[in-house]
Amino acid sequence: MKNIEVQYNKTQFIDITNDVKIRMGNPKYPYEFFQCLYHDTDVGIIAWHDTNKQYFYYPADDLALPPNVLWDIYEKIFDLMKARRLN
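Reference entry: report on the structure contained in this document. Computed from a predicted structure; not experimentally measured. (Residues numbered from 1 in each chain as written. Predicted model: local features only at pLDDT ≥ 70, side-chain atom pairs only at ≥ 80, totals over all residues. Heavy atoms only, no water.)

**Focus on the sheet that holds strand 3 (residues 41-49)**
The cut-off we apply is this: Two strands qualify as a pair provided that DSSP identifies no fewer than 2 bridges between them. Under the scheme used here, helices are H or I runs from DSSP no shorter than 4 residues and strands are E runs no shorter than 2 residues, and both carry numbers assigned from the N terminus. For helices, the fitted axis covers only the stretch in contact; all axes are lines through C-alpha atoms, and the angles between them, taken along N-to-C directions, range from 0 to 180 degrees. Only heavy atoms enter the contact rule, under which two residues are in contact if any of them lie within 4.5 Å.
A sheet is described by the order of its strands in space; here 4 strands give the open sequence 1-2-3-4, paired in antiparallel fashion. Edge positions in the sheet fall to strand 1 (12-15) and strand 4 (54-59), since each has one partner strand and no second. For this sheet the average axis-to-axis angle between neighbouring strands, irrespective of direction, equals 30°. Bridge analysis of strand 1 against strand 2 (residues 34-38) gives 4 bridges, and the strand direction is antiparallel. Looking across to strand 2, one finds that Q12 is bridged to L37. Contacts between helix 2 (residues 67-84) and the sheet are confined to strand 1, strand 2, strand 3 and strand 4, with strand 4 contributing the most and set at about 155° to the helix.

Rendered as structure tokens:
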């Protein structure tokens, strides 16, 4: 019997930081923004939450996500927060 490896498509994270900063009218805003795409479908954005002082995932409306997409989003937020750590 052969081993069958299932490979899932990875979630794409498109850096939309510059566009959002222009729309905000605040080019010096210190945080990043990422649009999350899965199979060319917009599944939400990752952005900084000023009150909670951490990156949040803001899902698109009427959304159902498979576990691999949730894991990709988790890893992206983890990497962003790790980069924010104070030395």
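Next comes the rest of the account.
**Digging into the packing of aromatic side chains**
Selection rule: Stacked, edge-to-face and tilted labels apply to pairs of Phe, Tyr and Trp rings (six-membered ring for Trp) whose centres lie within 6.5 Å, assigned for plane angles under 30 degrees, over 60, and everything in between, in that order. Each residue is assigned to one of three classes by its accessible area relative to the maximum for its type, calculated with a 1.4 Å probe on protein chains only: buried under 20%, partly exposed between the two thresholds, exposed over 50%.
As enumerated under the stated definition, the model contains 8 aromatic pairs in all. Ring centres of Y29 and Y31 lie 5.4 Å apart, and the angle between their planes is 70°; this geometry places the pair in the edge-to-face category. Exposure remark for Y29: the relative accessible area of 10% places this residue in the buried category. Taking the relative accessible area as the measure of exposure, Y31 reaches 14% and is therefore buried. On the basis of an interplanar angle of 35° and a centroid distance of 5.0 Å, the ring pair of W71 and Y74 is categorised as tilted. One end of the pair, W71, and the other, Y74, are both in helix 2, 3 residues apart, so they sit about a helical turn from each other.

**Observations regarding unusual backbone geometry**
Here the phi dihedral of H39 falls at roughly 55°; this positive angle occurs in a residue that is not glycine. Within the element layout of this structure, H39 appears in the loop between strand 2 and strand 3. Of note, D62 is a non-glycine position whose phi angle comes to about 45°, a positive value. Tracing the backbone through its elements, the reader meets D62 in the loop between strand 4 and helix 2.

**Considerations on helix 2**
To keep things clear, this is the line we draw: A helix is expected to reach a length of 1.5 Å times the quantity of its residues less one.
For helix 2, spanning 18 residues, the distance from its first C-alpha to its last is 26 Å, which sits close to the expected 26 Å at 1.5 Å a residue. Taken together, the buried positions of helix 2 are occupied by N68, V69, D72, I73, I77 and L80. The elements touched by buried residues of helix 2 are strand 1, strand 2, strand 3 and strand 4.

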